[in-house]
Amino acid sequence: MKCSLGLEKCPDDTLRCFPKIEQPFGIVIFGASGDLTKRKLIPALNRLFEAGILPERFFVLGAARTKMDDKKFRSRFDANPDFLEHCSYISVDYQDPESFKQLKNTIETLMKRIDSNNLVFYLAVPPDLYIPILENLSKSGLNEKPARVVIEKPFGKDLESARRLEETLKKYFQEDQIFRIDHYLGKETVQNILVFRFANFIFEEIWNNKFVDHVQITMAEDIGVEHRAGYFENVGLLRDIFQNHMLQVLALIAMEPPSSFNGENFRNERVKLLRSIRPFPVEEMGNWIVRGQYGRGVVNGKEVPAYREEPGVDEDSNVETFVAMKLFIDNWRWSGVPFYLRAGKRLPRKITEVAVVFKKIPHSIFAGVPSDELEPNTIVFTLQPNEGISLEFQVKRPCPGMFPQLLSMDFRYEDYFGVKLPDAYERLLLDVILGDPTLFMRRDDLEVSWELLDPVLKAWENDPIRFSPHVYPAGTWGPREADLLIERDGRKWR
Ligand code: NDP
Ligand code: BG6
């Protein structure tokens, strides 16, 4: 089937299929001296530039406290020199209205140069700075439409702070100006969950509690806290991964079909699903959620320090670097189906996958092959790396007996399409510039995810000894308690 551009086959660089942005624009990045800007934002904008998608006239203005000139700022990035010509830098004090007056003058000069009022503010700073920046943007009149503001996760620290942030946003910006980014929604493989589910008839019929035994979602990373101890010590893994990426992936796997992908329908269904997750029983939290922290160990053949030995981490830190949980979705489709979720740092390898595990056959007709020993059919979405989908099923071994063997039928993006998948930030930055909010989180997405997790965080906070994280050796799949969480139900992690 031809795509909307009339192509039978995708070009090597699928970014070339995105429409060229016609309207000049400016993007101001707060926290431009930081990690996200260096690793994700500038590389993504540079790629969009190299793919010819950006208009002739645009600017990227980096803003942060660090003192540096444009030359030094540009030298931080490995990017196309022609792209870097569009980048400049201004030192700001996020808390100081005077500093925002200077910022406004600089922005006005740049806007005149590109002859456009299409402006985006990207808050790539630690979350404590969101409110002062938003207030100062408003005080200096920089919040006027059509300006948009992009907020990064974590969106607050708990339900109360998330509500405070939302109140501030609402005070100064209208909803269509606010883009709450969760980069997982920008991943091609995450969006593919929707196509797999809603462009195929055969799977939707079995996507429910009659056929599905349970679902597992794993987001494993081999890296540790790296140089982000300052951030991570204040946040922990539950807020860093579960409040956003994990729950969004879960929502796409389990939600009802929206009547259309565009606009609010998709976002409504996502939120509806999140609202159906059963709250965790605080009294027996340990049976539902396991908290872990990595100790010393070996990852990829290299000895690595314990979390508490990482630079910038408190030597008595109780912050979790691993979480496993079991949850139920209380609706007709999923009633009684457990969802097992786990994510952690310093696990054996980087892998993000969703496994939908079907029920075992009810009765075996093959002598010597008990039905409960036959591994069930499983559909595995490998979201990264080696992106693809696998279907596991039994086949007859080519021998005189009737012995089944589990096989995996694999689709890999790279083998089939032979293309490089765009980075999530490339796609999402493009959507922000074009003003399309479909793949961004809404206020109620945040509210509902915090409502679910807030009691967990409070329980951990109120009883730090009982809920102190179980230590697991770096390079393993988390603490033994995480295995018990699923093994108690007669199942195992894949
Ligand atoms: P950084 O820790 O690198 O901080 C960004 C910049 O903010 C720093 O360069 C610094 O600039 C300024 N800053 C840091 N701490 C303070 C402080 N206490 N007071 C004032 N300014 C400070 O953050 P990241 O770039 O890693 O992340 C930015 C945002 O993006 C965060 O909200 C994070 O959660 C989110 N995010 C990050 C990801 C990543 O991979 N890094 C992935 C997804 C989301 P200066 O000192 O020059 O002002
Ligand atoms: C970020 C988290 O949101 O996602 C990081 O803050 C984590 O801790 C990262 O490493 C993982 O993203 P990805 O795209 O590499 O899976």
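Computed from a prediction, not measured in an experiment: that's the story for all the values here.

Rules of the game
- For every chain, the first residue of the written sequence is number 1, and numbering continues from 1 onward in sequence order.
- A letter from A marks each chain and a number from 1 marks each ligand, given out in the order of writing.
- Only residues with pLDDT of 70 or above have their local features reported here, since the model is predicted, and side-chain atom pairs are shown and tallied only from 80 upward, although totals for entire chains, interfaces and linings are computed over all residues.
- A helix here means a DSSP run of H or I that spans at least four residues, while a strand means a run of E at least two residues long, and both kinds are numbered starting from the N terminus.
- Each radius of gyration reported is based on C-alpha atoms, and the globular scaling rule is 2.2 Å times the count of residues to the power 0.38.
- Three exposure classes are used, based on other C-beta atoms lying within 10 Å of a residue's own C-beta, which is placed from the backbone: buried for 20 or more, exposed for 12 or fewer, and partly exposed in between.
- When DSSP finds two or more bridges between a pair of strands, those strands are recorded as paired.
- The convention used is that axes are lines fitted to C-alpha atoms, helices contributing only their stretch in contact, and that angles between N-to-C directions extend from 0 to 180 degrees.
- We count a residue as near a molecule or strand when its backbone-placed C-beta atom lies within 6 Å of that partner.
- Side-chain classes are defined by residue name, with Ala, Val, Leu, Ile, Met, Phe, Trp, Tyr, Cys and Pro counting as nonpolar, Asp, Glu, Lys and Arg as charged, and the others, Gly among them, as polar.
- Here the contact rule is simple: place C-beta atoms from the backbone, and any two residues whose C-beta atoms are within 7 Å are in contact.
- UniProt positions are given in the numbering used here, feature names are shortened, and annotations may be inferred rather than shown by experiment.
- Note that the domain bounds were set by an automatic or database domain assignment.
- We call a set of buried Ala, Val, Leu, Ile, Met, Phe, Trp, Tyr and Cys residues a nonpolar core when their C-beta atoms link them within 7 Å.
- When describing relative orientation, an angle under 35 degrees is termed roughly parallel and one over 145 degrees roughly antiparallel, while 65 to 115 degrees is termed roughly perpendicular and anything else oblique.
- Note that bend, as reported per residue, equals the angle between axes fitted to the 7 residues terminating at that residue and the 7 residues originating from it.

Novice: So what exactly am I meant to see when it comes to the overall build of the protein chain here?
Specialist: Counting its secondary structure elements, the protein chain contains 14 helices and 16 strands. Rg of the C-alpha trace for the protein chain: 24 Å, near the compact-globule value of 23 Å for 494 residues, within the 12% margin. By its C-alpha atoms, the protein chain is 80 × 60 × 45 Å across when sized along the principal axes. In the protein chain, which comprises 494 residues, the proportion classed as buried is 39%.

Novice: So what exactly am I meant to see when it comes to the sheet that holds strand 2 (residues 58-64) here?
Specialist: Where strands meet in a sheet, backbone hydrogen bonds hold them as pairs that are either parallel or antiparallel. Strand order in the open sheet made by the 6 strands is 3-2-1-4-5-6, with parallel pairing throughout. Edge strands, defined here as strands with exactly one partner in the open sheet, are strand 3 (87-91) and strand 6 (178-181). Along the sheet, successive strands turn relative to each other by an average axial angle of 20°, direction set aside. Relative to strand 6, strand 5 (residues 148-152) runs parallel, the two being bridged by 4 bridges. Paired with I151 across the strands is R180, a residue of strand 6.

Novice: Please explain the site of ligand 1 as it appears in this structure.
Specialist: Among the 19 residues in the neighbourhood of ligand 1, the closest are listed as G34, L36, A64, R65 and T66. Ranked by residues supplied to the shell around ligand 1, first place goes to helix 1 (residues 35-50) with 3 residues. For the shell around ligand 1, a count of residues per class yields 9 nonpolar, 4 polar and 6 charged.

Novice: Would you explain helix 12 (residues 424-434) in this entry?
Specialist: Since the α-helix advances by 3.6 residues per turn, residues separated by three or four positions end up pointing in the same direction. For helix 12, the buried fraction is high: 9 of the 11 residues fall into the buried class. Among the residues making up helix 12, those that are buried are A424, Y425, E426, R427, L428, L429, L430, V432 and I433. Contacts from the buried residues of helix 12 go to strand 1 (25-30), helix 1, strand 4 (119-123), strand 5 and strand 6. Just beyond helix 12, the residue with positive phi is G435, at close to 80°.

Novice: What exactly am I supposed to notice about the UniProt feature "binding site: substrate" (unreviewed entry) in the protein chain here?
Specialist: Taking the UniProt record as the reference, the feature "binding site: substrate" (unreviewed entry) is found at H183, K187, E221, D240, K345 and K350. Mapped onto the secondary structure, H183 falls in the loop between strand 6 and helix 7 (188-198). Take H183: there are 21 C-beta atoms within 10 Å of it, and that puts it in the buried class. Those residues within four positions of H183 in sequence are excluded, and the remaining contacts are A424, Y425 and L428. Setting aside its immediate chain neighbours within four residues, K187 contacts L383 and A424.

Novice: Where do I start with the domain arrangement of the protein chain in this structure?
Specialist: Frequently, the measure chosen for interface size is the accessible area that the parts lose on association. Taken domain by domain, the protein chain consists of domain 1 (12-151) and domain 2 (183-421 + 441-486). The residue makeup of the side of domain 1 that touches domain 2, split by class, is 1 nonpolar, 1 polar and 3 charged.

Novice: Whenever I open this one, unusual backbone geometry confuses me. Can you help?
Specialist: The general pattern is negative phi for most residues beyond glycine and trans for most peptide bonds. At the junction of K153 and P154, the peptide bond is cis and its omega measures out at 0° in the coordinates. Tracing the backbone shows P154 in the loop between strand 5 and helix 6 (159-172). Here the amide bond leading from Q384 into P385 is cis, since omega sits at -20°, within 30 degrees of zero. Position of P385 among the secondary structure elements: in the loop between strand 13 (378-384) and strand 14 (388-396). One non-glycine residue, N300, adopts positive backbone phi at about 50°. Mapping N300 onto the fold places it in the loop between strand 8 (289-299) and strand 9 (302-304).

Novice: Explain the pairing of strand 14 to me, please; I cannot follow it from the model alone.
Specialist: Consecutive residues of a regular strand have side chains that alternate between opposite faces of the sheet. In this sheet, strand 14 lies alongside strand 13 in antiparallel orientation, the contact comprising 5 bridges. Paired with I379 across the strands is L391, a residue of strand 14. Between strand 13 and the antiparallel strand that follows it, strand 14, lie 3 residues; N386 among them carries a positive phi value of about 55°. With 9 bridges joining them, strand 14 and strand 15 (residues 404-412) adopt antiparallel strand pairing. Following the sheet pairing, V395 is matched in strand 15 by Q405.

Novice: Just to check I follow, could you spell out the nonpolar core for this structure?
Specialist: As a rule of thumb, nonpolar side chains are buried together in soluble globular proteins. Ranked by size, the top nonpolar core spans 129 residues in total, and within it F30, Y122 and L123 carry the most contacts. In terms of residue count, helix 9 (residues 229-254) provides more of this core than any other element does, 13 residues in total. Among the domains, domain 1 (12-151) and domain 2 (183-421 + 441-486) are the pair contributing at least three residues each to this core.

Novice: Is there a simple way to explain the packing of helix 5 (residues 130-139) against helix 6 in this structure?
Specialist: Packed helices, taken two at a time, are described by the angle their axes make and the gap between the axes. The interhelical angle for the contact between helix 5 and helix 6, taken along N-to-C directions, is 10°, at an axis separation of 10 Å. Of the possible angle classes, the one that applies to helix 5 and helix 6 is roughly parallel. Of the residues in helix 6, those touching helix 5 at Y130, I131, L134, E135, L137 and S138 are L165, T168, L169 and Y172. Partitioning the contact of helix 5 with helix 6 into residue classes produces 7 nonpolar, 2 polar and 1 charged.

Novice: Would you explain the environment of D436 in this entry?
Specialist: Mapped onto the fold, D436 is located in the loop between helix 12 and helix 13 (443-462). According to the C-beta neighbour criterion, D436 is partly exposed, with 14 such atoms within 10 Å. Once the C-alpha coordinates of D436 and V471 are considered, the two residues, 35 residues apart in sequence, prove to be 43 Å apart.

Novice: Looking at this model, I keep getting lost on helix 9. Mind explaining?
Specialist: Considering bend angle alone, the principal kink of helix 9 is centred on G236 and spans about 95°. Taking burial as the measure, the 26 residues of helix 9 include 20 buried ones, the bulk of the element.

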